[in-house]
Amino acid sequence: MQRQSWKLFPTLVQRCQGVLAPDELALIRSHCLTQESRPHGSLQGDAASTFAAQARFIEALQAQIPALAGLGERLSLLVNDYARELGHPLLRISNSWFNVQRPGSLLRHHTHPASYVSAALCIASDERSSKLFFENPNPLIGFVGHEQPTEFNMEMARFKLDPGDLLLFPSWLKHGSGYEANESALRIMVSLNTEVA
């Protein structure tokens, strides 16, 4: 007897740790707390965002804080290493913004339309910060019960992000806080989308 197995339709999510040094994190955190932000539909509770289709937060950081020059290039290299694994063409960052969450806030589950690859860069978090959850894109995954969880039957996967972590994922992958409220005093994430270079 011969047996063959295939892992069909895998979804690649990649975590890069230590993307930012502690001094860079401190600069970005301070900058975020001085910028005007507003409520956004993907956030619920005590939270605000600088999201806009044309938001260029990373470019603004580099222009206003000389110590962060080159940040966009560093992030673009990581994005394109990941994009190559997915078979995408060369990409560039099309927009970037930040979200600030305080206790009791939620990040509603959503996708990032009109983007190839998206990323979340953790600026501030602690043990009480909400995790980032990804939903299984298979709508029938819960069709039957499962005896034990495996990579083939999980309905959601969650990631705890530490300051300086970058999480890369396909923009179509639905994500949010898993319907769990943030409990930390401050959670700051910089997000980005991409387009063909």
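If you check an unreviewed UniProt entry, the protein appears there as 2OG-Fe(II) oxygenase from Roseateles paludis.

Let us look at the sheet that holds strand β3 (residues 47-49). On the basis of which strands lie adjacent, the open sheet formed by six strands has the order β1-β9-β6-β11-β4-β3 and antiparallel pairing. Sheet topology places β1 (14-16) and β3 at the edges, where each strand pairs with a single neighbour. Within this sheet the neighbouring strands show an average axis-to-axis angle of 20 degrees, counted without direction. Strand direction decides the pairing type here: strand β6 (residues 117-124) and strand β11 (residues 187-196), joined by five bridges, are antiparallel. When the bridges of β11 are listed, Ala124 appears paired with Ile188. Across the sheet, helix α1 (residues 22-34) touches β4 (91-101), β6 and β11, and the angle it forms with β6 is around 95 degrees.

The next point concerns the packing of aromatic side chains. Counted by the stated rule, this structure contains four aromatic pairs. With centroids separated by 4.8 Å and ring planes inclined at 85 degrees, the aromatic side chains of Phe51 and Trp97 adopt a geometry described as edge-to-face. Taken as a pair, Phe51 in the loop between β3 and α2 (57-64) and Trp97 in strand β4 lie far apart in primary sequence, 46 residues in all. Feature note: the residues Phe134, Phe159 and Phe169 constitute an aromatic cluster, connected by ring pairs.

In this section: the pattern of salt bridges. One pass over the full model with this rule turns up nine salt bridges. For Asp162, the salt bridge is made with Arg15, and the minimal N-O distance between the two is 3.5 Å. Linking Asp162 in the loop between β8 (156-159) and β9 (166-170) with Arg15 in strand β1, this pair joins segments that are 147 residues apart in sequence. Of the charged contacts, one joins Lys160 and Asp162 as a salt bridge, the two residues approaching to 2.4 Å between their closest N and O atoms. When salt bridges with common partners are traced through the structure, they connect Arg15, Glu127, Lys160, Asp162 and Asp165 into a single cluster.

Below, the discussion takes up the sheet that holds strand β10 (residues 175-176). Two strands in a sheet stick together by hydrogen bonds in their backbones, pointing the same way (parallel) or opposite ways (antiparallel). Taken in spatial order, the three strands make up an open sheet running β8-β7-β10, and their pairing is antiparallel. The sheet is open, and its two borders are formed by β8 and β10, each paired with just one other strand. Across two bridges, the pairing between strand β7 (residues 132-135) and β10 is antiparallel. In the strand pairing of β10, Phe133 is matched with Gly176.

For Phe152, the location among the structural elements is in the loop between β7 and β8. Sequence separation of Phe152 and Pro10 is 142 residues, and the distance between their C-alpha atoms is 9.6 Å. Those residues in contact with Phe152, other than ones at most four positions away along the chain, are Lys7 and Ile141.

Moving on to the environment of Gly145. Tracing the backbone shows Gly145 in the loop between β7 and β8. The spatial distance from the C-alpha of Gly145 to the C-alpha of Leu77 is 41 Å, given a sequence separation of 68 residues.

All right, on to α2 then. Burial in α2 covers these residues: Phe57, Ile58 and Leu61. Seen end-on, α2 carries its buried residues on one side only, within an arc spanning 100 degrees. Looking at the buried side of α2, the elements it contacts are α1, α3 (71-86), β4 and β11.

Right, let's talk about the state of the cysteines for a bit. Following the criterion strictly, the structure yields zero disulfides and no others. Here Cys16 stays unpaired: no disulfide links it, and the sulfur of Cys122, its closest cysteine neighbor, is 13 Å away. When its relative accessible area of 14% is taken as the criterion, Cys16 is described as buried. Its sulfur unpaired, Cys122 is 11 Å from the next cysteine sulfur, which belongs to Cys32.

Rules used throughout
Residues numbered from 1 in each chain as written. Predicted model: local features only at pLDDT ≥ 70, side-chain atom pairs only at ≥ 80, totals over all residues. Heavy atoms only, no water. Pairing = 2+ DSSP bridges. Helix = DSSP H or I, 4+ residues; strand = E, 2+ residues; numbered from the N terminus. Axes fitted to C-alpha atoms, helices over the stretch in contact; angles between N-to-C directions. Contact = heavy atoms within 4.5 Å. Phe/Tyr/Trp six-rings, centres within 6.5 Å; stacked < 30°, edge-to-face > 60°. Salt bridge = Lys/Arg side-chain N within 4 Å of Asp/Glu carboxyl O. Buried < 20%, exposed > 50% of the residue type's maximum accessible area, 1.4 Å probe, protein only. Arc of directions from axis to C-beta. Disulfide = S-S within 2.5 Å.

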